[in-house]
Amino acid sequence: MSGETEGATMTTASVVVEPAVATTTTTTTTVPAADDDEYCYTFKVHSASNLPKVDIFGSIDPYVKLNIPGCRQTFMTRIAEKNTEPVWRQIFFALGTIGEIRGEVWDHNVVAREKLVGVFSIKKEDFPCIKKNFVVDLIRGNGATPHLGQPSEVSISAGRIISFNSLKKRIQAWPGITVDDATESVVVPITGTPLLLSVVYERHGSGRSVDLRLLETNKGFASGVIARFNFHPKPFKHVIRRQTDESAPIVEVGSQSIWAQSKLWNLPAWGPLTSLFVEWSLTDEVLNTTLADLTKARGWKGALNYEQAKAVLQGDDIVFDDAKSMIFLKNEWGCYQIDYDEFNADQSWFLSKEQLERDMIVDITHKASTKRTFKFFTTPITVAGMEVMQRASLDDLAYPVAHRNIRVKVLHLKERHPVPVLAIIPLL
């Protein structure tokens, strides 16, 4: 079949989201914030620039402190010795209330008293932000003058999501929800579909991060429709994982069997949640073949180990990775990865960036295994010199692997139904 397929249409999902939102893809759930609402803050302190030299040796040993409203804990980066351009890349999780975040830059000193070099503020309107530079107001009395005549700045990503306890209070009257205090999780049905949205709060010391899961309760829906998280537009680098099993439920949620699930682990709170959607799509097959068809055409015969395969395979579209004992077969759709492991075999089918942008996805199945994993990359990664944005994989297959038992498919998403996550549950 020709690869010239029209792009998928974006269709407003005819889904009723309770307790009360319109059935459009732009309206968010309107739940008023309370004064005592608690939030899960996430900060990443990336770096600082143009810090002044404040000690008697003409240098600075800087670290950054963050003070969050409603949080008794102060968060501090490690000390960067003798560095006016320090890089930290440290992530902090905190529980706190809405308010201005006070940041401080200090100079560490073992002998003398430590100096407060300067302060900066992260205001309510700064959330969310990705690598935003905050100007440091220097304390002149401590001998702090701008290095190279430029302002001193600290680069920070910052975001917040409503905490588990505050979310419970917001949605306690909603019908059909499931709340588990032990695991700090909430499950909300997406009415009109066999989908559930699960929000799980993961502990990080006194703070929390958030995992989102899209759960499919209907076996036929899982096998005939692709449901996943998606970003419109794609704001930052992240991986969306989808697992499915057509022979047995992956997990049980309450009394409901889950046949497929998409996961967003450690959702970056500084990513714009307004661009995150739950999306399900009908599919048409564009390509349906076996791994045997792909490999025989390149000279593959019988059961080959890596060295044998490297000796007999022919074609300019074959890439060998000796360091990892991997073989990549490239074609118009992307590339197929054959991974020789000491104990088992992993098979993966990568879709090129161009094909994903044409609303294609790839699938891979094995005659004796109904489990498989999809990964969607919000920004391209490079595999065998090719930019790819999706991976379908069969992991830990027992040797020998018969290529005729592995089927590879390319599917066209002919219709997409997106619903904003914030229209389903009020996370902000």
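Residues numbered from 1 in each chain as written. Predicted model: local features only at pLDDT ≥ 70, side-chain atom pairs only at ≥ 80, totals over all residues. Heavy atoms only, no water.

Caption draft 1: Representation of the overall build of the chain within the structure. From N to C terminus, the chain includes five helices and 28 strands. Within the chain, the proportion of its 428 residues that are buried is 52%. Counting only contacts in the chain whose residues sit at least 6 apart along the sequence, the fraction spanning at least 24 positions is 64%. Working note: accessible area of the chain is about 19600 Å², and carbon and sulfur atoms make up 49% of it. (Helix = DSSP H or I, 4+ residues; strand = E, 2+ residues; numbered from the N terminus. Buried < 20%, exposed > 50% of the residue type's maximum accessible area, 1.4 Å probe, protein only. Contact = heavy atoms within 4.5 Å. Areas by Shrake-Rupley, 256 points an atom, 1.4 Å probe, with all protein chains shown as cover.)

Caption draft 2: View of the side chain of D126. The residue D126 is located in the loop between β7 (115-122) and β8 (129-135) in this model. Polar side-chain contacts of D126 include one of 2.7 Å to the backbone nitrogen of K123. A distance of 2.5 Å separates the side chain of D126 from the side chain of K132, its partner in a polar contact. Aside from chain neighbours lying at most four places away, what touches D126 is S121, K132 and F134. (Polar contact = N/O pair within 3.5 Å; in protein donor to acceptor, adjacent residues only side chain to side chain.)

Caption draft 3: Molecular detail of the pairing of strand β22 (residues 326-330). Most of β22 is tucked away: four of the five residues are buried. Sheet topology note: the strand β21 (residues 318-321)/β22 ladder contains four bridges and is antiparallel. The partner of I318 across the bridge, within β22, is L329. Pairing of β22 with strand β23 (residues 334-340), which is carried by five bridges, proceeds in the antiparallel orientation. Residue pairing in the sheet places F328 in a bridge with Q337 of β23. Once β22 ends, the chain turns through three residues before running back antiparallel as β23. (Pairing = 2+ DSSP bridges.)

Caption draft 4: Here's a closer look at unusual backbone geometry. The omega torsion across F127 and P128 is -15°, close enough to zero to call that bond cis. Positive phi, close to 50°, is recorded for E184, a residue that is not glycine. The residue E184 is located in the loop between β11 (178-180) and β12 (185-190) in this model. Here E184 falls in the buried class, since its relative accessible area comes to 12%.

Caption draft 5: Inspection of the sheet that holds strand β4 (residues 74-76) at higher detail. If you walk across this open sheet you meet the five strands as β4-β3-β6-β7-β9, and the pairing is antiparallel. Each of the sheet's edge strands pairs with one partner strand only, and the pair in question is β4 and β9 (137-138). Of the pairings in the sheet, the one linking strand β6 (residues 101-107) to β7 comprises seven bridges and is antiparallel in character. In the strand pairing of β7, W106 is matched with L116.

Caption draft 6: Structural view of the packing of aromatic side chains. Scanning the model with the defined rule gives eight aromatic pairs in all. Ring plane angle 80° and centroid distance 6.5 Å describe the contact between Y306 and F320, whose orientation is recorded as edge-to-face. Pair noted here: Y306 is in helix α4 (residues 306-312) and F320 is in strand β21, with a separation of 14 residues, a long-range link. Grouping aromatic residues by their ring pairs yields a cluster made of Y41, F43 and F127. Over the aromatic face of F376 sits the side chain of R228, whose NZ or CZ is 4.5 Å from the ring centroid. (Phe/Tyr/Trp six-rings, centres within 6.5 Å; stacked < 30°, edge-to-face > 60°. Lys NZ or Arg CZ within 6 Å of the ring centre and 35° of its normal.)

Caption draft 7: Looking closely at the environment of K219. For K219, the location among the structural elements is in helix α2 (residues 219-224). Judged by its relative accessible area of 41%, K219 is partly exposed. Counting along the chain gives 25 residues from K219 to T244, while the straight-line C-alpha distance between them is 9.6 Å.

Caption draft 8: View of the sheet that holds β8. A sheet is described by the order of its strands in space; here four strands give the open sequence β5-β2-β10-β8, paired in antiparallel fashion. In the strand order of this sheet, the two ends are held by β5 (87-96) and β8, each with one partner. Taken over all neighbouring pairs, the strand axes of this sheet differ in orientation by 25° on average, direction set aside. (Axes fitted to C-alpha atoms, helices over the stretch in contact; angles between N-to-C directions.)

Caption draft 9: Region of interest: helix α1 (residues 164-171). Along α1, the residues classified as buried are F164, S166, L167, R170 and I171. Down the axis, α1 shows its buried residues gathered within 160° of arc, on one side only. Those residues of α1 that are buried lie in contact with β2 (39-49), β10 (153-162), β11, β12 and β13 (195-204). (Arc of directions from axis to C-beta.)

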